[in-house]
Amino acid sequence: QVQVVEFGGGSVQAEGSLRLSCVVSGYSECSYGMSWNRQAPGKEVEFVSGIDTDGRIRYADSVKGRFTMSQDNAKNSVYLQMNSLKPEDTAMYYCKTDLPDYSDCMAAWGQGTQVTVSS
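Residues numbered from 1 in each chain as written. Predicted model: local features only at pLDDT ≥ 70, side-chain atom pairs only at ≥ 80, totals over all residues. Heavy atoms only, no water.

K.L.:
Please explain the sheet that holds strand β6 (residues 57–59) as it appears in this structure.
P.N.:
The strands making up a sheet are joined through hydrogen bonds of the backbone, oriented either antiparallel or parallel. Spatially, the 6 strands line up as an open sheet ordered β2-β10-β9-β4-β5-β6, and their pairing is mixed. One side of each edge strand has no neighbouring strand; the edge strands of this open sheet are β2 (10–13) and β6. On average, adjacent strands in this sheet sit at an angle of 25 degrees to one another, irrespective of strand direction. Pairing analysis gives 7 bridges linking strand β4 (residues 33–39) to strand β9 (residues 91–98), with the strands arranged antiparallel. Each residue of the ladder has a partner; that of R38, found in β9, is Y93. (Pairing = 2+ DSSP bridges. Helix = DSSP H or I, 4+ residues; strand = E, 2+ residues; numbered from the N terminus. Axes fitted to C-alpha atoms, helices over the stretch in contact; angles between N-to-C directions.)

Here it is as structure tokens:
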């Protein structure tokens, strides 16, 4: 079973920066990618960034050019560098494993880390 924990959130002013970290532990028989997702109050969960098993990284249009996702396989970790933060980036940020629909394994979500951006 896979466990996920993320941290690094906090409160910053607009145009500030934060770096989120996500650490994965445990074993899975299934191959998986990783992604960052966020949920603002009263809104649906929104995809932010993801990396697939081939190493391809994708970004939501709303964060493209400002956020950078990276991975360190030796540390079983992925990161999200967030620059030029905007108040609309305020949300709970979650890290999760990504698996195809046909997978026998279940996705694992972290507990979330809060990001608050003030104007």
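K.L.:
Just to check I follow, could you spell out the sheet that holds strand β3 (residues 18–26) for this structure?
P.N.:
Pairing in this open sheet of 4 strands is antiparallel, and the strands run β1-β3-β8-β7 from one edge to the other. Looking at strand neighbours, the two that pair on one side only are β1 (2–7) and β7 (67–72), the edges of this open sheet. When the angles between neighbouring strand axes are averaged without regard to direction, this sheet yields 15 degrees. Relative to strand β8 (residues 77–82), β3 is paired through 6 bridges, and the arrangement is antiparallel. Residue pairing for β8: C22 is matched across the bridge by V78.

K.L.:
Just to check I follow, could you spell out the pairing of β8 for this structure?
P.N.:
For a regular strand, side chains alternate in direction, first toward one face of the sheet and then toward the other. Counting buried residues in β8 gives 5 out of 6 residues, a clear majority hidden from the surface. Where β7 and β8 come together, 6 bridges link them in antiparallel fashion. From the neighbouring strand, D72 faces β8, where its bridge partner is S77. Remark: 4 residues form the turn of the hairpin made by β7 and β8, two consecutive strands paired antiparallel; N76 in that turn has positive phi of roughly 50 degrees. (Buried < 20%, exposed > 50% of the residue type's maximum accessible area, 1.4 Å probe, protein only.)

K.L.:
How do you make sense of the side chain of K96 when you look at a structure like this?
P.N.:
When you line up the elements, K96 lands in strand β9. Residue class for K96 comes out buried when judged on its relative accessible area of 12%. Polar side-chain contacts of K96 include one of 2.6 Å to the side chain of D98. Non-local contacts of K96, meaning those with residues more than four positions away in its chain, are made with G33, M34, S35, N37, A107, A108 and W109. (Polar contact = N/O pair within 3.5 Å; in protein donor to acceptor, adjacent residues only side chain to side chain. Contact = heavy atoms within 4.5 Å.)

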